[in-house]
Amino acid sequence: MHLSEITHPNQLHGLSIRQLQQIARQIRDKHLQTVAEFGGHLGPGLGVVELTLGLYQTLDLDRDKVIWDVGHQAYPHKLITGRYSDFHTLRQKDGIAGYLKRGENKFDHFGAGHASTSISAALGMALARDMNGEKFKAVAVIGDGALTGGMALEAINHAGHLPKTNLLVVLNDNEMSISPNVGAIPRYLNKMRLSPPVQFIKDNFEEQFKHIPFVGESLSPELGRIKEGMKRLAVPKVGAVFEELGFTYMGPVDGHNLEELIATFQQAHQIAGPVLVHVATIKGKGYELAEKDQVGYHAQTPFNLTTGKAIPSNKPKPPAYAKVFSHTLVKLAEQNPKIIGITAAMATGTGLDKLQAKLPNQYIDVGIAEQHAVTLAAGLATEGMRPVAAIYSTFLQRAYDQIIHDVCIQNLPVFFCLDRAGIVGSDGPTHQGMYDIAYLRCIPNIVMMAPKDEAEMQRMVVTGIEHTTGPIAMRFPRGNGYGVPLMEEGWEPLEIGKGEILRNGDDVLIIGYGTMVYPSMQAAEILSEHGIEATVINARFVKPLDTELIVPLAQKIGRVVTLEEGCVMGGFGSAVAEALLDADVVVPVKRIGIPDVLVEHATPDESKAELGLTSRQIAERVLQAYFQKQPSPVS
Ligand SMILES: Cc1ncc(C[n+]2csc(CCOP(=O)(O)OP(=O)(O)O)c2C)c(N)n1
Ligand SMILES: CC(=O)[C@@H](O)[C@H](O)COP(=O)(O)O
Ligand SMILES: [Mg+2]
């Protein structure tokens, strides 16, 4: 049977190991071709091909439910659940999502994208199953990185307390998060990965020696004494921690040996209560370049399969915001040993791997543990350190209470650097950085800012470091800057709460925040072609808002437009409208940003066009709102 003929995982039933190995090869080929052509997550899925086939052959997917943690590794799952023919649309507009998605396919029982949720979801399904008197297996597949997330441990704590609730947790242990996994849990797992040989020797000690020709028999008396000594060798009982937590532990199992996997899963299905099967895999298995560079091949833009090199873009790109951010932070950290950069398992994405390389003592990776990262930063701040929590906007959502409870209520000087703030593109709704303006703005004590370009971001990094009277947050987008000139040092901090006028005009006031400042200027130029002259403000800060600058101009001009790359509800535009209300200035405010919708996976430009956020669309919307001009057909 060829992979292309599989539309239901139950078609795996009855296939021989050889047939499964053939399908595994076809999955790897399809996975590699598709990611090489369109980009996506490479290493994670290559590492779970046999795990997926072995597990699914032992389940009835018309009944049983498999929940994948994060879901970035679930391309093999997608390929055997009816999406082979559409797989070339992966992570593209209106195409297959890069993560599991309940609405996409009946075998996608739970969506994800953020880590550490699978065991909670699977346990919820198992409890509902038992309450409804149903019979199906609930299986969570979680990576060793995701296992460092607090939620996963909360779920294990709960599941281990329910000896009558059947639940299978498959731990995909490839010793990697995006970077090498960090913490005591991965270290413990690694010890178990290593322990079987030691355990094997202990169990088969004499057997091993007796057969040594000529000397084997004569060694016997000695062997007894050595064996006694071996008994005292402290080998952790494999899986002891999980067993102590109420799970039946099985493993570690070779995650690329189909016979072993199938036999283990079949056995696991016979065991009542919570069971954890520890599967040892290799991230990137089957593609040598990915096996050798597991960090670099976690995710890929389109690349050449033979050379492994990214397909060069036809024009040189300005530096990425993340690169400028980390370069600036390293420069400042070299002068200030109190600066501590903190990442939650996103060293390469945030660029903090550069800080780790240059100043390892001023770098902390806490694993996938954003909540811990924030309160750790708060603790560091109480002792006079200068903590910089570099966490994507979307992942910082995980630590909302810690931001309020541990940082802002105590008014501690933590500097939050929110990368990937705004529309991120192919990762879709779970990863869009849409909510941070709204979710932070309502918290007392926090200062919030966003740069118009990468040069202003450098000034904001200095501003953030020097703001030590309380918490401060800077948001910036995924991707590249504008290529504006950058300074190597001597960046001038900004005055907190002060914006700048970029253009003058009497017909409409346009106030841009962060990434929407340049589009504001471009829209103003288009309006000028229609005889409409706009004043454009770069707000720089949403909290505190520069009301001294904005309120009088709004009153004078009488028409206001706000622009933000974030949710309009409660966002930057709301802040301006509230300020005008508080000042009893009654003028119309047209808030342009992301409306109350989810933004599906597409390129950022496609999403912005769909949301009416291109410069031309902004100009058209202003004309329509304030000057009763019917929009010309959008070119
Ligand atoms: C809450 C959260 N923080 C960070 C991330 C970014 N992220 C995506 S995959 C990944 C590593 C996951 O490691 P693991 O679970 O071991 O899966 P593997 O990639 O090794 O297959 C991280 C940190 C995320 N998805 N969710
Ligand atoms: C699966 C996951 O959450 C990360 O791999 C994420 O896709 C990284 O996003 P960036 O590519 O923006 O760093
Ligand atoms: Mg891993």
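Residues numbered from 1 in each chain as written. Chains lettered and ligands numbered in written order. Predicted model: local features only at pLDDT ≥ 70, side-chain atom pairs only at ≥ 80, totals over all residues. Heavy atoms only, no water.

(A) Fine view of the coordination of the magnesium ion (ligand 3). Surrounding the magnesium ion (ligand 3) are the protein donor atoms D144 (OD), N174 (OD1) and M176 (O), which sit 2.0 to 2.1 Å from the metal. Expressed as a motif, the donor residue spacing for the magnesium ion (ligand 3) is D-x29-N-x1-M. By the burial criterion, N174 is buried, and M176 matches it. (Donors = N, O, S within 2.8 Å, 3.2 Å for Na, K, Ca; no water. Buried < 20%, exposed > 50% of the residue type's maximum accessible area, 1.4 Å probe, protein only.)

(B) Seen up close, the sheet that holds strand β16 (residues 534-538). The strand order β14-β16-β15-β18-β19 describes an open sheet built from five strands, whose pairing is mixed. If you trace the sheet from one side to the other, it starts and ends with β14 (500-503) and β19 (589-594), each paired once. In this sheet, neighbouring strand axes are inclined to one another by 25° on average, regardless of whether the strands run parallel or antiparallel. Taken together, the three bridges between β14 and β16 define a ladder with antiparallel strand orientation. Looking at β16, one finds that I501 is bridged to I537. Of the strands in this sheet, β14, β15 (508-512), β16 and β18 (560-567) touch helix α20 (residues 517-529), which is tilted by about 35° from β14. Of the strands in this sheet, β15, β18 and β19 are in contact with helix α24 (residues 615-626), which crosses β19 at around 150°. (Pairing = 2+ DSSP bridges. Helix = DSSP H or I, 4+ residues; strand = E, 2+ residues; numbered from the N terminus. Axes fitted to C-alpha atoms, helices over the stretch in contact; angles between N-to-C directions. Contact = heavy atoms within 4.5 Å.)

(C) Local environment of the side chain of H467. In this structure, H467 sits in the loop between α19 (454-466) and β13 (472-475). With sequence-adjacent residues up to four places away left out, H467 is seen in contact with R386, P413, V447, I472 and I496.

(D) Highlighting the packing of aromatic side chains. Taken as a whole and assessed by the stated rule, the structure comprises 13 aromatic pairs. Plain terms: the ring middles of Y297 and F303 are 6.1 Å apart, the flat faces sit at 75° to each other, and that makes the pair edge-to-face. Here Y297 and F303 have matching classes, each one buried. Judged by centre distance (5.4 Å) and plane angle (35°), the ring pair of F325 and F476 falls under tilted. In this pair, F325 is assigned in helix α12 (residues 321-335) and F476 in the loop between β13 and β14, connecting sequence segments 151 residues apart. Each member of the pair, F325 as well as F476, carries the same accessibility label: buried. Here the aromatic residues Y188, F242 and Y249 are joined through ring pairs into a cluster of three or more. When the ring centre of Y84 is taken as reference, the NZ or CZ atom of K30 above it lies at 4.6 Å. (Phe/Tyr/Trp six-rings, centres within 6.5 Å; stacked < 30°, edge-to-face > 60°. Lys NZ or Arg CZ within 6 Å of the ring centre and 35° of its normal.)

(E) Inspection of the sheet that holds strand β12 (residues 447-449) at higher detail. Strands sit in the order β9-β8-β10-β11-β13-β12-β17 across an open sheet of seven strands; the sheet is mixed. Strands with a single pairing partner mark the edges of an open sheet, and in this sheet they are β9 (363-365) and β17 (541-543). Across the sheet, the axes of successive neighbouring strands diverge by a mean angle of 20°, strand direction being ignored. The sheet contact formed by strand β11 (residues 415-418) and β13 spans four bridges and is parallel. Residue pairing across strands places C417 opposite M474, the latter belonging to β13.

(F) The arrangement of the UniProt feature "binding site: thiamine diphosphate" in the protein chain in detail. Per the UniProt record, "binding site: thiamine diphosphate" is found at H72, G113, H114, A115, G145, A146, N174, Y287 and E370. Across 299 residues, the annotated set is spatially dispersed, with a maximum C-alpha separation of 31.5 Å. You can see H114 is positioned in the loop between α4 (75-79) and α5 (118-131). Excluding its chain neighbours within four sequence positions, the residues that come into contact with H114 are V70, T394, F395, Q397, R398, T430 and H431. A distance of 2.7 Å separates polar atoms of two side chains, one belonging to H114 and the other to T394. Among the secondary structure elements, G145 is positioned in the loop between β3 (138-143) and α6 (150-159). With sequence-adjacent residues up to four places away left out, G145 is seen in contact with M176, S177, N181 and I368. (UniProt positions renumbered as here; feature names shortened; annotations may be inferred. Polar contact = N/O pair within 3.5 Å; in protein donor to acceptor, adjacent residues only side chain to side chain.)

(G) Examining the site of ligand 2 more closely. The full set close to ligand 2 counts 13 residues, and Y392, R420, D427, H431 and R478 are the nearest of them. Residues belonging to the shell around ligand 2 are distributed by class as follows: five nonpolar, five polar and three charged. Both domains that furnish three or more residues to the shell around ligand 2 are identified here as domain 1 (1-298) and domain 2 (319-473). (Near = heavy atom within 4 Å. Nonpolar A, V, L, I, M, F, W, Y, C, P; charged D, E, K, R; others polar. Domains from an automatic or database assignment.)

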